[in-house]
Amino acid sequence: MQHQLEVTGMTCGHCEMAVKKAVQRLDPQAQVEIERARHQVRIESQQPRTELARVIAEEGYTVA
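Heads up: these notes are all about the structure in this document.

Cut-offs used in this document
Residues numbered from 1 in each chain as written. Predicted model: local features only at pLDDT ≥ 70, side-chain atom pairs only at ≥ 80, totals over all residues. Heavy atoms only, no water. Helix = DSSP H or I, 4+ residues; strand = E, 2+ residues; numbered from the N terminus. Rg over C-alpha atoms; globule rule 2.2 N^0.38 Å. Buried < 20%, exposed > 50% of the residue type's maximum accessible area, 1.4 Å probe, protein only. Contact = heavy atoms within 4.5 Å. Areas by Shrake-Rupley, 256 points an atom, 1.4 Å probe, with all protein chains shown as cover.

Points about the overall build of the protein
Item 1. From N to C terminus, the protein includes 2 helices and 4 strands.
Item 2. Taken from N to C terminus, the helices and strands of the protein fall in the order β-α-β-β-α-β.
Item 3. For the protein, whose C-alpha radius of gyration is 10 Å, the value lies close to the compact-globule estimate of 11 Å for 64 residues.
Item 4. Seen along its three principal axes, the alpha-carbon backbone of the protein occupies a region of about 25 × 20 × 15 Å.
Item 5. Sorting the 64 residues of the protein into buried and exposed places 33% on the buried side.
Item 6. Across the protein, the fraction of contacts at a sequence separation of at least 24, relative to all contacts at a separation of at least 6, is 61%.
Item 7. For the protein, the exposed area adds up to about 3900 Å²; of that, 47% sits on carbon and sulfur atoms.

See below:
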């Protein structure tokens, strides 16, 4: 299942890595693509959107 989330607060490569690692802790098979300048995170995962948003928010980022 493909999810597209708007995530604000990412300012650098470290932020991108933190988001990617958080998602992959929840679902190690997840494919994560991030467009930081557009605040877009695309995730291919079987996990529900709410869970993906939760783990990203736990890292300190805002998910719209």
